[in-house]
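Breakdown of the fold
Spelled out from the first residue to the last, the chains are:
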Amino acid sequence: MIRALLVALVIAAPSLLIPGASASAREVSAIIGLIAGAFVMFEYGAPNPGLVDFRFAPPYNRARFAVFSAALLLLTFYARALAGVDSFSPELARLALRLGALLDFPLSPVRLAVELLADPAAPRQAEALRGAAALGFVTGVIGAAFFGALLWIFPWPMERETFNLWFNMPTLETAYGRDLERRLLRLSVLVTLAGLAAPYLMLIVASKAGGLLDPAALREPLALVWAAALWGAAPPLTVLRGAIILKIALLVRRARE
């Protein structure tokens, strides 16, 4: 119940905290938050495995939620800083703009985000986008690296003797012995490569798409916050998943030997 409540609150927070958010945006955020909260409640309340991986191997999913929540909330207060609402937010805005300047170099995903999504005729919007992209990306990378190091250094899964791979990875095809190890190693490599390529691929897709993915929508603070949070946190967390699967593969090899 607490998990579901936290998920619903985090999803609804940006629309409630960002000034100027429309009533319809708040209603949609509340509905999505309730749906996500209900999914989490039923998923974690079910005795059998469902769609969420590593449900019985904390704190991996808690770490993922913490990283995404941190990125989303920091970007929310960054949007409030740009609107001049809070007294402490200007410090966060200056930090985001400083990070944007540091990450504005060739082949940087932050520079690519500005080049593909910002309006050249609106330099202030480009600056806001650069700061949001940098803040979301740095938060995702630092958070994923921190929790990844903890999960690798400390004995995770904590109950290795009773760890059930099929309960924690229900979508993984059944295999045994060396086949299972090879499948996990292959999956780890694919997931890691996908996470490394995702910041660039997401930007290319967004720049070519229309409708909800139209870059012009990023002029709205709420859309900018959600886009930067998803873009900044999802790729590092995908790399974290690849690292975790690699550790499971090594544990399978050790158990087999």
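Just so it is clear, the structure is predicted and the values come from calculations on it, not from any experiment.

Topic: the side chain of S15
Within the element layout of this structure, S15 appears in helix α1 (residues 2–17). Take S15: its relative accessible area is 1%, and that puts it in the buried class. Polar side-chain contacts of S15 include one of 3.5 Å to the side chain of S29. The residues contacting S15, other than those within four sequence positions of it, are A21, A25, R26, S29 and L222.

Comments concerning a nonpolar patch on the surface
There is a patch of nonpolar side chains on the surface, built from F146, L150, W152, I153, F154, L246 and L250 and spanning about 650 Å² of accessible area. Broken down by secondary-structure element, the contributors of at least two residues to the nonpolar patch are α6 (123–153) and α9 (221–256). At 4 residues, α6 tops the list of elements feeding residues into the nonpolar patch.

Here we look at the environment of A83
Along the chain, the position of A83 falls in the loop between α3 (60–82) and α4 (89–102). The class for A83 is partly exposed, based on a relative accessible area of 48%. Linking A83 and V28, residues 55 residues apart in sequence, is a C-alpha distance of 22 Å.

Side note on the confidence of the model for the chain
For any part of a model where pLDDT is low, the fine detail of the predicted coordinates should not be relied upon. When pLDDT is averaged along the chain, the result is 86; 93% of the residues meet or exceed 70. At the level of individual helices and strands, the chain shows its lowest average pLDDT in helix α7 (residues 165–168), which scores 80, and its highest in α3, which scores 93.

Focus: the packing of aromatic side chains
Counting across every chain of the model gives 7 aromatic pairs. A ring pair is formed by F68 and W226, whose centres lie 6.1 Å apart and whose planes are at 40 degrees; its orientation type is tilted. A residue pair is termed long-range when its members are at least 10 positions apart, and F68 in helix α3 and W226 in helix α9 qualify at 158 residues. Among the residues examined, F68 registers a relative accessible area of 18% and is labelled buried. Residue W226 is classed as partly exposed on the basis of its relative accessible area of 21%. Measuring from centroid to centroid gives 5.2 Å for F146 and F147, while their planes differ by 75 degrees, and the two rings are edge-to-face. Grouped by ring-pair contacts, the aromatic residues F54, Y60 and W156 constitute a single cluster.

A word on the environment of L82
On the secondary structure map, L82 appears in helix α3. Between the C-alpha atom of L82 and that of A216, which follows or precedes it by 134 residues, the distance is 18 Å.

The rules we used
- Residues numbered from 1 in each chain as written.
- Predicted model: local features only at pLDDT ≥ 70, side-chain atom pairs only at ≥ 80, totals over all residues.
- Heavy atoms only, no water.
- Helix = DSSP H or I, 4+ residues; strand = E, 2+ residues; numbered from the N terminus.
- Buried < 20%, exposed > 50% of the residue type's maximum accessible area, 1.4 Å probe, protein only.
- Polar contact = N/O pair within 3.5 Å; in protein donor to acceptor, adjacent residues only side chain to side chain.
- Contact = heavy atoms within 4.5 Å.
- Patch = residues over 30% accessible without salt bridge, like charges linked within 9 Å, V, L, I, M, F, W, Y side chains within 5 Å.
- Areas by Shrake-Rupley, 256 points an atom, 1.4 Å probe, with all protein chains shown as cover.
- Salt bridge = Lys/Arg side-chain N within 4 Å of Asp/Glu carboxyl O.
- pLDDT = per-residue confidence, 0-100.
- Phe/Tyr/Trp six-rings, centres within 6.5 Å; stacked < 30°, edge-to-face > 60°.

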